[in-house]
Amino acid sequence: MRLISLQKVSLSFGGPLIFDDISFKLERGERVALIGRNGVGKTTFLKVMAGEVELSDGKVLYRKDVNVASLPQEVPGGIEGTVFDVVLSGLGDRVKLLSDYQHFTHRLQTEHSPELIRKIAAIQSKIDHIGAWDLNNQVENVISKMKLDPEAKFDKLSGGQKRRALLARALVIKPDVLLLDEPTNHLDIDSINWLEEFLKKYTGSIFFITHDRMFMRNLATRIALLDRGKMFSWECDYKTFLERRQAILATETVQQNNFDKKLAKEEIWIRRGVKARRCRDEGRVKALERLREEKKAQQKELGLVRMKIQKSNISGHLALKAGKVGFSYGDNCLINDFSVQIKRGEKVGILGPNGSGKTTLIKIFLGEILPERGKVRLGTNTKVVYYDQLREQLDMNKTVAENVCSAGDTVEIDGKPRNVIGYLQDFLFSPERARSIVKVLSGGERNRLLLAKLFTQSFNLLVMDEPTNDLDVETLELLEELLLEYPGTLFLVSHDRTFLNNVVTSTIVIEGEGVLKEYPGGYDDWLDQRKTPLAGKPTQPKKVKKNASSKDKTFQTKLTFKEKKEFEELIPKIEKLEEEKERINSLLTDSNFYKKNPKEIAQVKKLYVSLEEELQAVYERWEYLDQFKDEKQKSNK
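Residues numbered from 1 in each chain as written. Predicted model: local features only at pLDDT ≥ 70, side-chain atom pairs only at ≥ 80, totals over all residues. Heavy atoms only, no water.

*Asks:* Where do I start with the overall build of the protein chain in this structure?
*Replies:* Along the backbone of the protein chain there are 22 helices and 20 strands. Of all 637 residues assigned to the protein chain, the portion counted as buried reaches 45%. Across the protein chain, every contact between residues at least 6 apart in sequence was considered, and the portion connecting residues at least 24 apart equals 70%. Accessible surface computed for the protein chain: about 34,200 Å², of which carbon and sulfur atoms make up 50%. (Helix = DSSP H or I, 4+ residues; strand = E, 2+ residues; numbered from the N terminus. Buried < 20%, exposed > 50% of the residue type's maximum accessible area, 1.4 Å probe, protein only. Contact = heavy atoms within 4.5 Å. Areas by Shrake-Rupley, 256 points an atom, 1.4 Å probe, with all protein chains shown as cover.)

Have a look at this one:
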């Protein structure tokens, strides 16, 4: 049964068509995921379905008496009162009906006019029809399902709790259709899992926008794609959708190439000599004009983001070392006796409920907050860049270009100057958009801008706090590839389960008050290990790597003066060897190099192998000596 039907819908705000002759039907019981690139109009389409946008052409039809409720992408400002008040406001006209009924029945005590009795009867009939006699119980029931405190002040809630309260406000009227715009944004993993299970059991139809691939796989029964003003729909899983989508793009590319060849051929024909122009076919001329108009009307597929992390000096082999760290806020213990060692190049996910202390842990790691107990040490030569989820590094009143380049019109990328407008085009900002004020950008555009701003810097420790919010699927996948190739160390706070699975090599999980544990692998690996803990299995002590000059740790507890001096000289030596290795590698990857004398080529290859072996030996020696550095410091106190 069709609940909402869009018929030949078109929409434009003065420029190209956002929606071009779209027809779409939402059936009872469906759960449809709408995806598409940032800026194609997904949120606008949701508002069209809700009847909140005036169309340029076409119409939206609703089944009689259908109830539609929506959850916006961002939490609106100016909402006051308790959770109960906010959820009650979702009943709208029903509250007024009950209030009117109480008002008129009170008047009936002193006034017995037929007109008043008819009014009361009409209101009573409406209340009976929509089941609005017990509004308070309806509100309390949905608040209970959302696991919220009805007396809590809305403005004091966390971002995730506010989203739950707004979802409760949407659900309280028991809608036939639920419209959700990025419902997982700012929710922690437990809340996302809860929401998935809740929506799976929901009996109404759900139409939702999401970039969360696991959420979409687990919930959607149909996938809709909004692309260049057109709507495409597949009744299949996400993997099958990707395969079919790729096939469509390949066919479209062939058709586009054939069209361009035909247009080029006709352009050559009409530009031939005088004789050809005198006898040219007027019908063919008109056909060419039609081809030109069709070319103008074509909307090209949005380009791909071209992100690149700048080269940086390497950090120490040990990126971070924390020993018996403890920290509390008042009586709330966030971290209790936590120790961890993170080596250069590791990619570490940090998981935990909202408010559990993930950002605090990051700030302790970076030295912005001092732990109450224990010690934290960053590796040598560490250069940090921090991606904050609130995008506080962006100046909302400056232009996109000014945020990336505060002075002049060039940025330095890998030691070479580059025009800031051209650089921003790599992040899908047109020259016009690059001159726009940041506060008019969408959430996805602001995220891309923050990435563009950070990637003008060189760094070897990247800290990212919820980088996936508002990014479209294509950009997410490109960011994943970039982080996998990134040779430095990564700390990643994220609730995107697929992103964690694809990127991180280990996870630090906040599992209770002050309880932090480290697990190898991503989100799914943590779930498997949490379900089957290795209790009862003896843990094997780590073996200390040895070389010809090393001593057994059983007999050594601190560095000698000579070893301390050696340790301090190892990092410059490593950097020098890395530079020489990179120089030789650039020779070996240059095709012109192989035009040289074969003997010289063989010597360079041999040198490269010996450099690799020497570098490995120096790393092992550095790692061995680093084990005793803290003990030496303790003995000096």
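*Asks:* Explanation requested: the pattern of salt bridges in the structure shown.
*Replies:* Pairing is possible between side chains of opposite charge, provided their charged atoms come close. Per the stated rule, a full pass over the model turns up 14 salt bridges. Glu27 is the partner of Arg2 in a salt bridge, and the nearest nitrogen-oxygen pair spans 3.8 Å. Placement of the pair is Arg2 in strand E1 (residues 2-11) and Glu27 in strand E2 (residues 19-27), with a sequence separation of 25 residues. Using a relative accessible area of 27% as the deciding quantity, one classes Glu27 as partly exposed. Salt-bridge contacts for Asp426 lead to Arg418; the nearest nitrogen and oxygen are separated by 2.7 Å. Accessibility expressed as a relative area gives 8% for Asp426, which makes it buried. For Arg418, a relative accessible area of 32% translates into the label partly exposed. (Salt bridge = Lys/Arg side-chain N within 4 Å of Asp/Glu carboxyl O.)

*Asks:* What is the right way to look at the pairing of strand E9 (residues 230-234) in this model?
*Replies:* Sheet faces and side chains relate simply in a regular strand, where the side chains alternate between the two faces. Bridge count between strand E8 (residues 222-227) and E9: five bridges; the pairing is antiparallel. When the bridges of E9 are listed, Leu225 appears paired with Phe232. From the end of E8 to the start of E9, which pair antiparallel, there are two residues, and Arg228 there has a positive phi angle of about 55°. (Pairing = 2+ DSSP bridges.)

*Asks:* Got a minute to help me understand the packing of aromatic side chains in this structure?
*Replies:* Where two aromatic rings form a pair, the distance of their centres and the angle of their planes describe that pair. For the structure on display, the rule yields 13 aromatic pairs. Each ring, one from Phe459 and one from Tyr486, has its centre 5.8 Å from the other, and the planes form 55°; the classification is tilted. Of this pair, Phe459 sits in the loop between helix H16 (443-454) and strand E17 (461-465) while Tyr486 sits in the loop between helix H17 (473-485) and strand E18 (489-493), placing them 27 residues apart in sequence. Across this residue pair, the class does not change: Phe459 and Tyr486 are buried. Pairwise contacts between aromatic rings join Phe19, Phe24, Phe45 and Phe207 into one cluster. Positioned above the aromatic ring of Trp194 is the side chain of Arg164, whose terminal nitrogen or guanidinium carbon lies 4.5 Å from the ring centre. (Phe/Tyr/Trp six-rings, centres within 6.5 Å; stacked < 30°, edge-to-face > 60°. Lys NZ or Arg CZ within 6 Å of the ring centre and 35° of its normal.)

*Asks:* What should I look at first to understand the side chain of His495 in this one?
*Replies:* Counting through the fold element by element, His495 comes out in the loop between E18 and helix H18 (497-503). The class for His495 is buried, based on a relative accessible area of 6%. Only 2.8 Å separates the side chain of His495 from the backbone oxygen of Leu187, close enough to count as a polar contact. Excluding its chain neighbours within four sequence positions, the residues that come into contact with His495 are Leu187, Asp188, Ile189, Ile192, Gly352, Asn354, Lys358 and Glu466. (Polar contact = N/O pair within 3.5 Å; in protein donor to acceptor, adjacent residues only side chain to side chain.)

*Asks:* Can you walk me through helix H12 (residues 358-365) in this structure?
*Replies:* An α-helical segment advances 3.6 residues per turn. Residues three or four places apart therefore align on the same side. Burial analysis of H12 places six of its eight residues in the buried class, which makes it a mostly covered element. Listing the buried residues of H12 in full gives Lys358, Thr360, Leu361, Ile362, Ile364 and Phe365. Of the residues flanking the end of H12, it is Gly367, one or two places downstream, whose phi is positive at about 85°.

*Asks:* How do you make sense of the pairing of strand E12 (residues 347-351) when you look at a structure like this?
*Replies:* Burial of E12 is extensive: five of the five residues sit out of reach of the surface. On E12, burial covers both faces: Lys347, Gly349 and Leu351 on one face and Val348 and Ile350 on the other are all buried. Pairing between E12 and E18: four bridges, direction parallel. Counted as the bridge partner of Ile350 is Val493 from E18.

*Asks:* What is the right way to look at the confidence of the model for the protein chain in this model?
*Replies:* Averaged over all residues, the pLDDT of the protein chain is 79; the fraction at 70 or higher stands at 81%. Between residues 298-302, whose pLDDT stays under 50, and residues either more than four places distant or in other chains, the model counts eleven contacts. Within the model, pLDDT remains below 50 along residues 532-557, and this stretch shows 23 contacts once partners closer than five positions in the same chain are excluded. (pLDDT = per-residue confidence, 0-100.)

*Asks:* Looking at this structure, I do not really get the nonpolar core. What am I missing?
*Replies:* Side chains that are nonpolar tend, in soluble globular proteins, to be buried together. If you look at the biggest cluster of nonpolar residues, it comprises 50 residues, and the most contacted ones within it are Leu178 and Leu199. If you tally residues by element for this core, the top one is helix H6 (residues 159-171), at six residues. Counting residues in hydrophobic clusters, the runner-up holds 48 residues, among them Val420, Leu424, Leu471 and Leu483. (Core = buried A, V, L, I, M, F, W, Y, C linked by side-chain atoms within 4.5 Å.)

*Asks:* What am I meant to see in unusual backbone geometry here?
*Replies:* Backbone geometry follows two general trends: most residues other than glycine have a negative phi, and most peptide bonds adopt the trans configuration. Within the chain, Asp65 stands out as a residue other than glycine whose phi angle is a positive 65°. Take Asp65: it is sitting in the loop between strand E4 (57-62) and strand E5 (68-71). Exposure remark for Asp65: the relative accessible area of 55% places this residue in the exposed category.

*Asks:* Honestly, the side chain of Arg213 in this entry has me stumped. Any pointers?
*Replies:* Mapped onto the secondary structure, Arg213 falls in helix H8 (residues 213-219). Taking the relative accessible area as the measure of exposure, Arg213 reaches 3% and is therefore buried. One polar contact links Arg213 to Glu480, side chain to side chain, over a distance of 2.6 Å. The contacts of Arg213, once residues within four sequence positions are left out, are Tyr238, Val473, Leu476, Glu477, Glu480, Asp496, Thr498, Phe499 and Asn502.

*Asks:* Please explain the environment of Ile223 as it appears in this structure.
*Replies:* Within the secondary structure, Ile223 is located in strand E8. On the basis of relative accessibility, which here comes to 1%, the residue Ile223 falls in the buried class. Spatially, the C-alpha atoms of Ile223 and Asp237 are 7.7 Å apart, while their sequence positions differ by 14 residues. Look past the residues within four positions of Ile223 in its chain and what remains in contact with it is Ala33, Ile35, Met216, Phe232, Ser233, Trp234, Cys236, Asp237, Tyr238 and Phe241.

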